[in-house]
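# Residue-level structure breakdown
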Amino acid sequence: MVSETPNLPVVHEALLPERHPQHDLFICDVADAVLKDVMPQMEHPFYSLSKKPETSVRRYEHNGQWLEITPSVKGLATIYDKDILIYCISQIMAKIKAGEKVSQRVRISSRDLLIFTNRGTAGKDYKALIEALDRLEGTRIRTNIVTGDEEQVDGFGLIDASSIRRKLGLDGRLLHCEIKLSDWVFNAIKSNDVLTLHRDYFRLRKPLERRVYELARKHCGQQATWKASLEILLKKSGSQSPEKLFRQMIKNLAASDHLPDYRVEFDPQKDMVTFINRGTMKAAEPVAEAWMGALDPDIYGDARNIAPGWDVHHLEREWRMWLGDNEIAPKNPERHFIKFCETWFAKRGQP
């Protein structure tokens with residue numbers, strides 16, 4: 001029976017819960033930021049989809065493009081390790097949009113990163129972050145895939161280097177990391193070879209779900225539909241599963257219907273997979289308009305206390321323009337405005 005309501009929202013039961021629904025006040029600008037990923041990494045299988053370490057060399061070829069990935073003894077970088085790069089790319093793109101200077105070196109707060117990527121903030125989560133950096137730095141790549149206008153065929157890493165600062169004491173809590181992105185990744189960012197991701201990307205439970213979403217986002221984009229044979233989808237995904245198991249996983253994904261931005265349909269007779277745009281992509285794409293909602297009047301008193309001497313209505317105008325420039329629709333506008341005022345005063349002091 002055909003549903004009479006094809007535009008129902010995505011079923012959320014199959015997604016991971018939002019671990020930080022009330023984002024920490026000090027990272028509200030980060031938590032509401034637009035997710036960005038570089039297109040070559042979305043189209044081609046750079047990352048392992050296995051939760052077990054993969055230590056064998058992998059080679060992928062498609063339409064004249066080739067990719068050879070050599071893992072370190074700690075294993076191939078996984079699609080979960082990629083969260084670190086998505087975070088870095090998102091922050092660099094936000095700075096570029098704001099007209100700020102950027103470089104390959106990115107300093108990140110470990111806690112901000114964990115919250116941004118919908119992870120826990122326990123000791124084991126910080127340990128996992130260090131292990132992910134090791135895999136990203138240790139994975140070596142050779143490819144003829146062009147980023148920007150450059151073809152790089154010598155060996156390079158996903159990140160060139162990383163350094164970690166840890167708090168002394170019993171818990172040894174990780175404070176921040178500094179990451180140097182590879183020339184290949186940075187070229188893609190500078191050339192704007194990036195696409196916006198849905199925030200529920202970090203709520204997808206299974207590695208294959210993330211990879212299939214990336215392929216749909218890259219190839220379907222804002223088109224109504226995109227079709228691919230199961231054989232091609234398996235090849236592009238980089239999955240090491242046999243075709244029979246992969247087919248069943250795609251069937252399950254179509255049945256659960258929880259992929260962000262796209263519905264998945266599988267035709268068993270033709271062995272074809274169709275991705276259907278849910279109509280959410282335009283909302284997820286960059287917008288230039290500032291947030292137009294009204295603030296609670298009571299918040300202005302708090303803003304005067306946070307930024308003494310400043311005209312709060314001037315600060316509100318600056319805040320609204322900043323929201324528009326950075327493509328942010330705050331979930332809690334009052335908290336976000338107060339944080340903006342706090343940061344503004346910390347940088348400029350009294351007028």
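Quick caveat, the model's predicted, so the values are computed rather than measured. (Residues numbered from 1 in each chain as written. Predicted model: local features only at pLDDT ≥ 70, side-chain atom pairs only at ≥ 80, totals over all residues. Heavy atoms only, no water.)

### Things to note about the overall build of the chain
The helix and strand tally for the chain stands at 13 helices and 14 strands. Looking at the chain as a whole, 50% of its 351 residues are labelled buried. Within the chain, residue pairs in contact and separated by at least 24 positions form 69% of the contacts whose partners lie at least 6 positions apart. (Helix = DSSP H or I, 4+ residues; strand = E, 2+ residues; numbered from the N terminus. Buried < 20%, exposed > 50% of the residue type's maximum accessible area, 1.4 Å probe, protein only. Contact = heavy atoms within 4.5 Å.)

### Notes on the sheet that holds strand β12 (residues 225-229)
The strand order across the open sheet built from 3 strands is β12-β14-β13, with neighbouring strands paired in antiparallel fashion. Each of the sheet's edge strands pairs with one partner strand only, and the pair in question is β12 and β13 (262-267). In this sheet, adjacent strand axes meet at a mean angle of 20° when their direction is disregarded. Strands β12, β13 and β14 (272-277) of the sheet are contacted by helix α8 (residues 230-237), whose axis makes an angle of about 90° with β12. (Pairing = 2+ DSSP bridges. Axes fitted to C-alpha atoms, helices over the stretch in contact; angles between N-to-C directions.)

### Details of helix α5 (residues 123-138)
With 16 residues, α5 should cover 22 Å at 1.5 Å per step; its first-to-last C-alpha distance of 23 Å lies within 8% of that length. Among the residues of α5, D125, Y126, L129, I130, A132, L133, R135 and L136 are the ones counted as buried. (Expected span 1.5 Å × (residues − 1).)

### Here's the deal with the packing of helix α11 (residues 299-306) against helix α13 (residues 333-348)
The geometry of α11 relative to α13 is characterised by a closest axis approach of 9 Å and an angle of 20° between their N-to-C directions. As summarised for this structure, α11 and α13 are arranged roughly parallel, according to the angle between their axes. Note that α11 runs across α13; the crossing there is right-handed. In this structure, α11 contributes I299, D302, A303 and I306 to the contact, and α13 contributes E334, F337, I338, C341, E342 and F345. By residue class, the composition of the contact of α11 with α13 is 7 nonpolar, no polar and 3 charged. (Parallel < 35°, antiparallel > 145°, perpendicular 65-115°, else oblique. Left-handed = near helix turned anticlockwise from the far one by under 90°. Nonpolar A, V, L, I, M, F, W, Y, C, P; charged D, E, K, R; others polar.)

### As for the nonpolar core
Nonpolar side chains in soluble globular proteins tend to end up buried together. With 62 residues, the main nonpolar core has I84, L181 and F275 as its most contacted residues. The leading source of residues in this core is helix α3 (residues 82-97), at 8 residues. Contact partners of L181, with chain neighbours within four places excluded, come to L85, C88, I92, Q104, V106, L158, I159, D160 and I189. L295, V312, W319 and F337 belong to the second largest nonpolar core, which has 16 residues in total. (Core = buried A, V, L, I, M, F, W, Y, C linked by side-chain atoms within 4.5 Å.)

### Description of the packing of aromatic side chains
Evaluation of the coordinates by the stated rule reveals 10 aromatic pairs. Seen in terms of ring centroids, Y213 and Y262 are 6.3 Å apart; in terms of plane orientation they differ by 50°. Their pairing is tilted. A residue pair is termed long-range when its members are at least 10 positions apart, and Y213 in helix α7 (residues 207-219) and Y262 in strand β13 qualify at 49 residues. A relative accessible area of 0% places Y213 in the buried class. Judged by centre distance (5.2 Å) and plane angle (55°), the ring pair of W319 and F337 falls under tilted. Highlighted residues: W319 in helix α12 (residues 312-325) and F337 in helix α13, separated in sequence by 18 residues. (Phe/Tyr/Trp six-rings, centres within 6.5 Å; stacked < 30°, edge-to-face > 60°.)

### Some details on the environment of Y300
Structurally, Y300 is set in helix α11. Judged by its relative accessible area of 15%, Y300 is buried. Remark: the alpha-carbon pair of Y300 and V312, spanning 12 residues in sequence, is separated by 6.6 Å. Sequence-distant contacts of Y300, defined by excluding residues within four places in its chain, comprise L295, V312, H313 and E316. Side-chain polar atoms of Y300 contact the side chain of E316, separated by 2.9 Å. (Polar contact = N/O pair within 3.5 Å; in protein donor to acceptor, adjacent residues only side chain to side chain.)

### Brief notes about the sheet that holds strand β3 (residues 65-70)
Ordered by their spatial adjacency, 4 strands build an open sheet running β2-β3-β5-β8, and the pairing between neighbours is antiparallel. Both edges of this open sheet fall to β2 (58-62) and β8 (156-157), since each of them pairs with a single strand only. The sheet contact formed by strand β5 (residues 140-143) and β8 spans 2 bridges and is antiparallel. The residue bridging I141 from the neighbouring strand is F156, located in β8.

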